[in-house]
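Read off the chains here:
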Amino acid sequence: MVQPNQPDKNRFFYARSRYYGQIRPECLVFNANLQEFAQKVSFISILETSGKLAPEEAYKQIKGLWKELKHSKKELGIANEQDR
(Lines give C-alpha, C1' and ligand atoms only; values in the text may rest on other atoms or scores of the structure.)
Protein backbone atom coordinates (compact mmCIF):
# COMPACT_ATOMS: atom_id res chain seq x y z
CA MET A 1 0.00 0.00 0.00
CA VAL A 2 1.36 3.42 -0.99
CA GLN A 3 1.34 6.00 1.75
CA PRO A 4 -0.25 9.38 0.97
CA ASN A 5 3.03 11.28 1.37
CA GLN A 6 5.11 8.79 -0.67
CA PRO A 7 5.60 11.14 -3.66
CA ASP A 8 6.93 13.83 -1.31
CA LYS A 9 9.43 11.36 0.21
CA ASN A 10 10.59 10.31 -3.25
CA ARG A 11 11.06 13.93 -4.30
CA PHE A 12 13.04 14.56 -1.11
CA PHE A 13 15.30 11.49 -1.32
CA TYR A 14 15.70 11.48 -5.09
CA ALA A 15 15.80 15.18 -5.85
CA ARG A 16 16.60 16.21 -9.41
CA SER A 17 18.11 19.53 -10.36
CA ARG A 18 17.10 21.48 -13.42
CA TYR A 19 19.34 20.99 -16.46
CA TYR A 20 20.82 24.10 -18.10
CA GLY A 21 23.22 22.52 -20.61
CA GLN A 22 22.87 21.73 -24.29
CA ILE A 23 19.48 20.23 -25.07
CA ARG A 24 20.54 17.04 -26.82
CA PRO A 25 19.19 13.59 -25.90
CA GLU A 26 22.63 12.23 -24.97
CA CYS A 27 23.33 15.23 -22.73
CA LEU A 28 20.00 14.85 -20.95
CA VAL A 29 20.60 11.14 -20.37
CA PHE A 30 24.13 11.77 -19.11
CA ASN A 31 22.85 14.50 -16.79
CA ALA A 32 20.33 12.06 -15.32
CA ASN A 33 23.11 9.48 -14.88
CA LEU A 34 25.34 12.10 -13.26
CA GLN A 35 22.63 13.13 -10.80
CA GLU A 36 21.99 9.49 -9.92
CA PHE A 37 25.74 9.00 -9.38
CA ALA A 38 25.87 12.00 -7.06
CA GLN A 39 22.86 10.78 -5.09
CA LYS A 40 24.32 7.30 -4.62
CA VAL A 41 27.74 8.69 -3.61
CA SER A 42 25.98 10.86 -1.05
CA PHE A 43 24.16 7.85 0.44
CA ILE A 44 27.37 5.79 0.53
CA SER A 45 29.20 8.68 2.23
CA ILE A 46 26.49 8.97 4.87
CA LEU A 47 26.62 5.22 5.55
CA GLU A 48 30.41 5.31 5.86
CA THR A 49 30.38 8.39 8.08
CA SER A 50 27.82 6.81 10.40
CA GLY A 51 29.90 3.64 10.69
CA LYS A 52 27.41 1.42 8.87
CA LEU A 53 29.78 0.83 5.95
CA ALA A 54 33.51 0.17 6.07
CA PRO A 55 35.72 2.76 4.36
CA GLU A 56 37.12 0.11 2.00
CA GLU A 57 33.61 -0.99 1.00
CA ALA A 58 32.52 2.62 0.49
CA TYR A 59 35.53 3.23 -1.74
CA LYS A 60 34.85 0.04 -3.70
CA GLN A 61 31.22 0.98 -4.27
CA ILE A 62 32.04 4.55 -5.32
CA LYS A 63 34.76 3.31 -7.66
CA GLY A 64 32.23 0.95 -9.28
CA LEU A 65 29.72 3.77 -9.69
CA TRP A 66 32.44 5.96 -11.24
CA LYS A 67 33.27 3.24 -13.77
CA GLU A 68 29.58 2.97 -14.67
CA LEU A 69 29.38 6.74 -15.17
CA LYS A 70 32.49 6.78 -17.36
CA HIS A 71 31.09 3.89 -19.41
CA SER A 72 27.79 5.74 -19.84
CA LYS A 73 29.64 8.86 -21.04
CA LYS A 74 31.58 6.83 -23.57
CA GLU A 75 28.49 4.95 -24.79
CA LEU A 76 26.57 8.21 -25.20
CA GLY A 77 29.42 9.66 -27.28
CA ILE A 78 30.01 12.66 -25.05
CA ALA A 79 33.55 13.97 -25.55
CA ASN A 80 35.65 16.06 -23.20
CA GLU A 81 35.90 19.74 -24.11
CA GLN A 82 39.63 19.32 -24.91
CA ASP A 83 38.78 16.40 -27.25
CA ARG A 84 36.70 18.62 -29.55
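Only a predicted model underlies this, so the values are computations on that prediction, with no experimental measurement involved.

The rules behind each value
- The residue numbering used here restarts from 1 in each chain and proceeds along that chain's sequence as written.
- A pLDDT threshold of at least 70 governs which residues receive local features in this predicted model, and a stricter bar of 80 or more applies before side-chain atom pairs are shown or counted, although totals over entire chains, interfaces and linings include all residues.
- Here the side-chain values reflect all heavy atoms present in the structure, with hydrogen atoms and water set aside.
- Only DSSP runs of H or I covering at least 4 residues are called helices, and only runs of E covering at least 2 are called strands; the numbering of each starts at the N terminus.
- Summary of the burial criterion: residues with accessible area below 20% of their type's maximum are buried, those above 50% are exposed, and those between are partly exposed, where the area comes from a 1.4 Å probe applied to protein chains only.
- The protein chains shown are the only cover counted for residues, whose accessible areas, like all others here, come from Shrake-Rupley with a 1.4 Å probe.
- As used here, the term nonpolar core means buried Ala, Val, Leu, Ile, Met, Phe, Trp, Tyr and Cys residues forming a set that is joined through side-chain atoms within 4.5 Å.
- What makes two residues a contact is simply this: any of their non-hydrogen atoms within 4.5 Å.
- Expected helix span is given by 1.5 Å per residue-to-residue step, counting one fewer step than there are residues.

## Some words on the overall build of the protein chain
Broken down by element type, the protein chain carries three helices and zero strands. The order of helices and strands in the protein chain, counted from the N terminus, is α-α-α. Among the 84 residues that make up the protein chain, the fraction classed as buried is 15%. Working note: accessible area of the protein chain is about 7,000 Å², and carbon and sulfur atoms make up 58% of it.

## Brief notes about the nonpolar core
Grouped together as the largest cluster of nonpolar side chains are nine residues: Phe 30, Phe 37, Val 41, Ile 44, Leu 53, Ala 58, Leu 65, Leu 69 and Ile 78. Looking at this core, the elements with two or more residues in it are helix 2 (25-49) and helix 3 (55-76). Tallying contributions element by element places helix 2 first for this core, with four residues. When neighbours within four sequence positions are excluded, Val 41 is seen to be in contact with Ile 62 and Leu 65.

## Description of helix 3
Each full turn of the α-helix corresponds to 3.6 residues, which orients residues three or four apart in the same direction. Between its first and last C-alpha atoms helix 3 spans 31 Å; for 22 residues at 1.5 Å apiece the expected length is 32 Å, and the two agree. A positive phi of about 75° marks Gly 77, the residue just after helix 3.

Spatial relationships are all this shows, so hold off on functional conclusions.
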